[in-house]
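# Geometric and topological summary
Here are the chains, one letter per residue:
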Amino acid sequence: MLKRVILDVAYFLNSSTRYQSFKLSVYNILENDKNRFKKYVDIVMITLIFISVTVLIREVKHPVSDSLVFFSNYVISVIFFIEYLLRLWVNSSMSKIIVTRSEHDSFLSREPNLTKAFQEIFKTKMRYILSVRAMIDLLAILPFFHELRLLRIFILFRVFKLFRYARSFHTFSGVLATKKFEFITLAMFASIVIFVSSVLIYVMEANNPSSPINTLFEAVYWSIVTIATVGYGDVTPITTEGRFVAMLVIISGIAVLAFTTSLVVSAFTEKLDEIKEVKNIEDITKLESYYLICGYESIAIELSKKLQKSQHSIIVLDSDASRIDKARKDGLIAMNYSPGSVDSYSKLNIDIKKQVKAILCLHQNDIENVYTALTIRSMNKDVFILSLLMKDANRKKLEFAGINHIVYPQELVGMITKELVGKPAAFEVIHQLRSEYTNVDIDEVALTTRIVENFPTIGSLENKKYKVIVLGLFKGSSDKFYFNPLDSTILENGDYLLAIGYSVFISEFEKSLHMKVENV
Amino acid sequence: MSKTSALIFGFNKYALEIQSNVKTKYDSVKIYALAGQEVVGSEVEPELFDLGDEWSSIEKCIQEEESIAFCVLEDNAENIFLTISLRAHFKDLIIIAIASNNESANKLKMAGANKVIPLVETTADIISNVLERPISNRVLQSIIYEESLLKIEQVKIDNAAFFEDKHISDIDWSRYQGIIILSLMHQDMSHEFIYAAKLKKKPISNGDILVVAGFETDIQEFKKLIGSK
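Counting its regular elements, chain B contains seven helices and ten strands. Per-residue burial over chain B gives 53% buried out of 229 residues. Relative to all contacts within chain B whose residues are 6 or more apart in sequence, the contacts with residues 24 or more apart total 61%. Just so you have it, chain B exposes about 11100 Å², and 49% of that area is on carbon and sulfur atoms.

This part takes up the pairing of strand S10 (residues 496–502) of chain A. Residue and element names in this part refer to chain A. Along S10, six of the seven residues are buried, which leaves the element largely enclosed by surrounding structure. Bridge count for strand S7 (residues 440–446) against S10 is seven bridges, and the pairing is antiparallel. Looking across to S10, one finds that glutamate 444 is bridged to leucine 498. Here strand S8 (residues 469–475) runs beside S10; their pairing, made up of five bridges, is antiparallel. If you follow glycine 472 over to S10, its bridge partner there is leucine 498.

Another point: the sheet that holds S10(A). Pairing between sheet strands relies on hydrogen bonds along the backbone, with the strands arranged either parallel or antiparallel. All names here are of chain A. If you walk across this open sheet you meet the four strands as S7-S10-S8-S9, and the pairing is antiparallel. Taken across any chain shown, the strands that pair with only one partner, and hence form the sheet edges, are S7 and strand S9 (480–483). On average, each strand axis in the sheet is inclined to that of its neighbour by 25°, with strand direction left out of account.

If you look at the interface, chain A gives 66 residues, while chain B gives 64 residues. Note on chain A versus chain B: buried area summed over both sides is about 6100 Å², and carbon and sulfur give 70% of it. Taken together, the links from chain A to chain B amount to three salt bridges. Between Asp479(A) and Arg138(B) there is a salt bridge, and its shortest N-O distance comes to 3.5 Å.

This part covers empty space enclosed by the protein. Under the defined criterion, the tally for this structure stands at two cavities of 30 Å³ or more. If you add up the space inside the largest cavity, you get close to 50 Å³. Considering the residues around the largest cavity, the lining is formed by Val429(A), Gln432(A), Leu433(A), Val440(A), Ile500(A), Leu182(B), Ser183(B) and Phe193(B). Mapped onto the lining of the largest cavity, the elements with two or more residues apiece are helix H21 (424–434) of chain A together with strand S8 (180–185) of chain B. With three residues, H21(A) is the single largest residue contributor to the lining of the largest cavity. Tallied by class, residues from the lining of the largest cavity come to six nonpolar, two polar and no charged.

What follows is about the layout of surface pockets. All names here are of chain A. A volume near 1000 Å³ is recorded for the second largest pocket. Sorting the residues of the lining of the second largest pocket by element identifies helix H2 (17–31), helix H3 (38–61), helix H9 (155–165), helix H10 (167–177) and helix H13 (240–286) as the ones contributing at least two each. Residues of the lining of the second largest pocket, tallied by class, amount to eight nonpolar, seven polar and 17 charged.

To continue, consider the confidence of the model for chain B. For chain B, per-residue confidence averages 81 on the pLDDT scale, and 87% of positions sit at 70 or higher. Listed scores for the predicted complex are pTM 0.69 and ipTM 0.79.

Residue and element names in this part refer to chain A. The strand order across the open sheet built from six strands is S3-S2-S1-S4-S5-S6, with neighbouring strands paired in parallel fashion. Each edge of the open sheet is held by one strand with a lone partner, namely strand S3 (333–335) and strand S6 (405–407). Ignoring strand direction, the axes of neighbouring strands in this sheet form an average angle of 20°. Relative to strand S4 (residues 356–361), strand S1 (residues 290–294) runs parallel, the two being bridged by five bridges. Looking across to S4, one finds that tyrosine 290 is bridged to valine 356. H13 contacts S1, strand S2 (314–317) and S3 of the sheet and is inclined by roughly 120° relative to S3.

What follows deals with the packing of helix H4 (residues 66–91) of chain A against helix H7 (residues 132–141) of chain A. Angle between the axes and distance between the axes: these two values describe a pair of packed helices. All names here are of chain A. Between H4 and H7, whose axes approach to 9 Å, the crossing angle comes to 155°. As judged from the angle between their axes, H4 and H7 are roughly antiparallel. Here H4 runs over H7; the crossing is left-handed. Every residue of H7 that contacts H4 at Ser77, Phe80, Phe81, Tyr84 and Arg87 is listed here: Ala134, Asp137, Leu138, Ala140 and Ile141.

Conventions we followed
Residues numbered from 1 in each chain as written. Chains lettered and ligands numbered in written order. Predicted model: local features only at pLDDT ≥ 70, side-chain atom pairs only at ≥ 80, totals over all residues. Heavy atoms only, no water. Helix = DSSP H or I, 4+ residues; strand = E, 2+ residues; numbered from the N terminus. Buried < 20%, exposed > 50% of the residue type's maximum accessible area, 1.4 Å probe, protein only. Contact = heavy atoms within 4.5 Å. Areas by Shrake-Rupley, 256 points an atom, 1.4 Å probe, with all protein chains shown as cover. Pairing = 2+ DSSP bridges. Axes fitted to C-alpha atoms, helices over the stretch in contact; angles between N-to-C directions. Buried area = accessible area lost by both parts, 1.4 Å probe. Salt bridge = Lys/Arg side-chain N within 4 Å of Asp/Glu carboxyl O. 1 Å grid on protein atoms, 1.4 Å probe; cavity = no way out; pocket = protein on both sides within 12 Å on 5 of 7 lines; lining within 4 Å. Points joined across faces, edges and corners; volume = space filled by probe spheres on them. Nonpolar A, V, L, I, M, F, W, Y, C, P; charged D, E, K, R; others polar. pLDDT = per-residue confidence, 0-100. Parallel < 35°, antiparallel > 145°, perpendicular 65-115°, else oblique. Left-handed = near helix turned anticlockwise from the far one by under 90°.

This is the structure in structure tokens:
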């Protein structure tokens with residue numbers, strides 16, 4: 001009967017969407033660095049830790065109010081206890097283990113063996129409980145029993161909890177973990193040296209009445225202080241034999257210190273690129289909107305400069321390491337990942353739908369651009385893709401790959417030449433309007449609801465006052481451009497004015513549209 | 001004098017693209033391939049030239065006042081050498097050259113090119129406009145490259161009396177005859193924006209060239225009014 005109830009509850013919990021999503025939310029808040037609420041939880045916990053430690057320090061020589069002591073000992077402990085239980089809960093799924101075991105047994109036509117399931121649950125939970133992090137969490141709760149004076153010192157364990165919230169510590173421990181074998185070897189060597197030298201110095205010095213080394217503990221203490229090259233000088237050998245041992249320990253100490261330093265340095269050097277990459281991925285995740293450039297060649301380099309000037313965020317992807325180096329030197333976030341692989345986008349946490357304004361396939365190679373475009377289209381159907389076309393024969397392939405806008409440099413040369421020889425004046429004017437190196441500019445002024453409430457018609461605009469020409473009005477509703485519209489033309493939300501004038505005057509004109517709104 | 005002949009130096013995709021775009025504008029369009037270049041199997045039969053020769057054979061075929069030259073060799077150094085060679089032999093020839101970047105563009109100008117198209121910068125400009133100013137890009141694209149009714153043209157004023165001695169700044173150009181006056185063009189083809197401070201006290205006089213935007217019919221009407229020939 002009890003077995004049936006346990007199985008029913010396990011199946012219910014395992015299939016309950018509400019329960020699972022709640023558990024996932026708790027997990028994300030506690031463990032997932034990408035969760036937007038986690039940092040607030042972390043800040044609260046860090047604050048509580050500092051309050052506890054401040055109370056402990058204050059208590060040493062000054063009286064502390066009972067309410068603050070109560071808060072530190074009970075309230076904070078209870079909060080930490082709840083946190084501990086929640087982490088224990090989300091660490092593994094009991095219901096899943098029971099269901100899996102039950103399915104396994106039923107597949108083999110056996111009665112579900114819950115004892116084995118509970119053994120597995122016990123093992124899984126114990127594995128978590130005995131982990132360093134969980135142990136620190138548990139010790140941080142102990143000050144709850146503050147009547148036992150010794151346990152109050154466990155408040156200090158709350159400081160260790162800070163490591164849980166400090167990401168740099170995770171990085172540091174992760175880097176050192178890569179040299180685990182070397183560190184174990186070093187520890188073994190140091191332990192042997194300490195042990196041998198402690199015994200030797202004890203044998204040499206302990207029977208000499210004027211020697212400060214009288215016990216084995218003092219000998220070990222002296223050995224560690226010496227091998228660490230700290231050398232306090234409070235305990236020193238006085239016999240010739242003892243001093244001879246000291247010389248050996250000092251030389252060993254130099255070796256141990258040098259070896260340790262070189263291990264840490266080499267671990268960091270080897271992991272430096274990885275650390276930088278992790279940092280870059282974090283930066284990419286934080287960006288709200290950016291252009292994704294696939295392929296960093298001459299046109300991409302020039303375009304990046306222009307987009308950077310306009311304060312746009314840019315991410316560069318290229319499988320060529322030397323081009324990525326160049327992009328990084330140019331001050332861009334550049335990742336040495338293939339833009340033609342779906343895996344690259346998931347590794348880099350790129351959310352195409354939410355973050356990417358447009359994807360620019362700027363490899364000077366049609367095959368790579370088609371491959372990249374198809375990769376992107378397999379993940380997202382709507383994102384705007386612009387691509388270079390190097391051979392006109394490949395145009396249809398690029399269109400078929402779902403590229404929204406194709407730029408064919410050769411064709412541009414032909415068209416520019418035609419315009420240049422046919423209508424030099426028009427060409428010069430348009431070139432001037434398009435180029436960022438002249439003062440005269442053409443700009444798109446977006447009309448919002450509040451602007452059109454104050455400037456209902458073209459005639460009500462004060463563009464002439466600002467020496468700005470309104471070349472035309474783009475009607476968002478009909479997707480049509482109206483050249484030189486009449487004064488009576490009604491402006492609507494979502495329309496765009498195409499304004500020509502000196503850049504400063506255009507921005508003044510834009511400001512005036514908003515200013516009037518603010519003055520109302 | 002209007003040009004009747006186009007000479008394209010370099011036999012590559014740019015040359016063919018230029019040829020297809022300008023062939024209706026000139027009586028003759030000749031492509032010159034660099035000696036030693038592979039031209040077999042091509043639909044176009046280019047003539048040959050050598051950067052090292054004395055240009056004597058080509059010199060006879062080129063009427064520099066009636067011709068326009070395009071230097072489109074893909075190697076920057078060769079293209080600059082070609083441009084400087086042409087300028088050395090033909091003082092008044094209009095030379096338009098392509099450059100892979102701004103650095104080469106400056107050198108080509110120093111070598112005597114009248115107009116240089118920096119490929120990388122131009123392409124990047126176009127892409128940047130597509131991304132940042134999609135609407136204006138669409139409009140300008142349709143004006144200059146497509147068969148749109150909307151045009152940008154240069155009109156010469158031959159009947160300044162029509163404006164009754166007014167200054168350029170006195171006229172509300174934005175509402176003039178359905179057209180928009182964008183700039184005033186100087187003899188050296190440089191432009192002055194119509195609202196430029198320099199034009200504030202400039203009287204309208206015969207020979208002034210205005211750059212106007214408008215529908216073709218309106219521009220023709222405007223031309224009639226100002227007596228543009």
